[in-house]
Amino acid sequence: MTDRSPLAQRLLMGVVVPATNVTTEAEMDDLRPRGVINATARIANPDARVAGDADAAVVRAAMVGGLMGALDTLAPARPDHVAIGVMVENFVGGGAAGDALLAEAQARIGCPVTAPTHATLAALAALGIDRIALLTPFFPAGDAAAKAFLEQAGIAVLRVVGLRAPGPAAIARVPLDRLRDAVRELDGPDVQAVVQVGTNLSFAGVALAAEAELRKPVLATNPVTYWHALRCAGINDRVAGAGRLFAVA
């Protein structure tokens, strides 16, 4: 008997998302290479109304509090690597606190983990980018934390658009036209790329079209996270039609 599922001869990728997230699974599945399967676990977070930074902090705390339990439900599947589809906690708890959270997650699941924050830095490095504009679904404190994380890593964040989604589930319902308009607001000759954060925002398709229009990288957080997780796990497939990043080994 083989030690692997016939569908996961190359890699079993764990994916952890909040219960309110309906975007990450779909956007990562669209990029799944041959011989790789994704096994998903959900963080039991409520869909609370968010009217400002204080409400957003409560939502973040619920997600952090549920992360380890979600990893416990994933552990029996024995993933080779785990992509954590939660961004805001790592931005707000960046630096040593964010690293400690990821180390705890890795110890809990017993395999390497990838988070959107570090994946974003790896993608920017791979593309040789150090001047960006930033799109988030957050309120000002989340915007500021995301900007600070990037700037502490040496990335100049020249503009930020925060969409202020009124709850974690509402992030997935931001209209595509609003996302396209936000990219146009952010773009300019002074930025090398537009970067999106917030894993429930349905941005992957918008990013692909915008890359072709703007002729510069437009990075969506779920593809970026999945790219980095695959590369860390030794899967270096280039994916046609998936944007500039997936053309990078």
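Residues numbered from 1 in each chain as written. Predicted model: local features only at pLDDT ≥ 70, side-chain atom pairs only at ≥ 80, totals over all residues. Heavy atoms only, no water.

Chemist: Which parts of the structure should I look at to understand the sheet that holds strand 8 (residues 218-219)?
Modeler: The strands making up a sheet are joined through hydrogen bonds of the backbone, oriented either antiparallel or parallel. Ordered in space as 6-5-7-8, the 4 strands form an open sheet in which the pairing is parallel. The open sheet has two edge strands, strand 6 (156-162) and strand 8, and neither has a second partner. As judged from the 2 bridges shared by strand 7 (residues 193-196) and strand 8, these two strands associate in the parallel manner. What sits directly across from Val195, in strand 8, is Leu219. (Pairing = 2+ DSSP bridges. Helix = DSSP H or I, 4+ residues; strand = E, 2+ residues; numbered from the N terminus.)

Chemist: Is there a simple way to think about the sheet that holds strand 2 (residues 36-43) in this case?
Modeler: Taking strand neighbours across the sheet as the criterion, the 4 strands line up as 2-1-3-4 in an open arrangement whose pairing is parallel. Looking at which strands have only one partner, the edges of the open sheet turn out to be strand 2 and strand 4 (113-114). By the bridge criterion, 4 bridges tie strand 1 (residues 11-18) to strand 3 (residues 81-84) in an arrangement that is parallel. Pairing of Val15 across the sheet is with Ala83, part of strand 3. Sheet strands touched by helix 9 (residues 221-232): strand 1, strand 2, strand 3 and strand 4. Its angle to strand 3, the strand with the most contacts, is close to 165°. (Contact = heavy atoms within 4.5 Å. Axes fitted to C-alpha atoms, helices over the stretch in contact; angles between N-to-C directions.)

Chemist: Is there a simple way to think about the pattern of salt bridges in this case?
Modeler: When the charged atoms of two side chains with opposite charge come close together, those side chains can pair. Inspection of the entire model under this criterion finds 10 salt bridges. Put simply, Asp181 and Arg184 hold a salt bridge, and the shortest N to O gap is 3.2 Å. Separated by 3 residues within a single helix, Asp181 and Arg184 lie in helix 7 (residues 176-186), roughly one turn from each other. (Salt bridge = Lys/Arg side-chain N within 4 Å of Asp/Glu carboxyl O.)

Chemist: How do you make sense of helix 6 (residues 140-152) when you look at a structure like this?
Modeler: Since the α-helix packs 3.6 residues into each turn, any two residues three or four apart lie on the same face. Its 13 residues place the ends of helix 6 18 Å apart at the C-alpha level, agreeing with the 18 Å of an ideal helix rising 1.5 Å per residue. All of the buried residues along helix 6 are Gly142, Asp143, Ala145, Ala146, Phe149 and Leu150. An end-on view of helix 6 places all buried positions within 165° of arc, on one side of the element. Following helix 6 by one or two positions, Gly154 has its phi on the positive side, about 95°. (Expected span 1.5 Å × (residues − 1). Buried < 20%, exposed > 50% of the residue type's maximum accessible area, 1.4 Å probe, protein only. Arc of directions from axis to C-beta.)

Chemist: Would you take a moment to explain the environment of Ala141 for this structure?
Modeler: The topology assignment puts Ala141 in helix 6. According to the relative accessible area criterion, Ala141 is partly exposed, its value standing at 34%. In this structure the C-alpha to C-alpha distance between Ala141 and Ala54, which are 87 residues apart in sequence, comes to 9.1 Å.

Chemist: Explain the pairing of strand 1 to me, please; I cannot follow it from the model alone.
Modeler: Along any regular strand the residues' side chains alternate between the sheet's two faces. A large share of strand 1 lies buried, amounting to 8 of its 8 residues. Of the two faces of strand 1, the one carrying Leu11, Met13, Val15 and Val17 and the one carrying Leu12, Gly14, Val16 and Pro18 are both buried. Judged from the 8 bridges that link them, strand 1 and strand 2 form a sheet pairing that is parallel. Looking at the pairing, Pro18 lines up with Ile43 of strand 2. Following the chain from strand 1 across helix 1 (residues 24-29) to the adjacent parallel strand 2, one finds a crossover that is right-handed. (Right-handed = clockwise from strand over helix to strand, strands pointing away.)

Chemist: Could you clarify how one ought to interpret helix 5 (residues 116-127) in this entry?
Modeler: Between the first and last C-alpha of helix 5 there are 16 Å, a value that for 12 residues agrees with the 16 Å anticipated at 1.5 Å per step. Taken together, the buried positions of helix 5 are Pro116, Thr117, Ala119, Thr120, Ala123 and Leu124. One face of helix 5 carries all of its buried residues, which in axial projection span an arc of 165°. Gly128, located one to two residues past helix 5, shows a positive phi value of around 70°.

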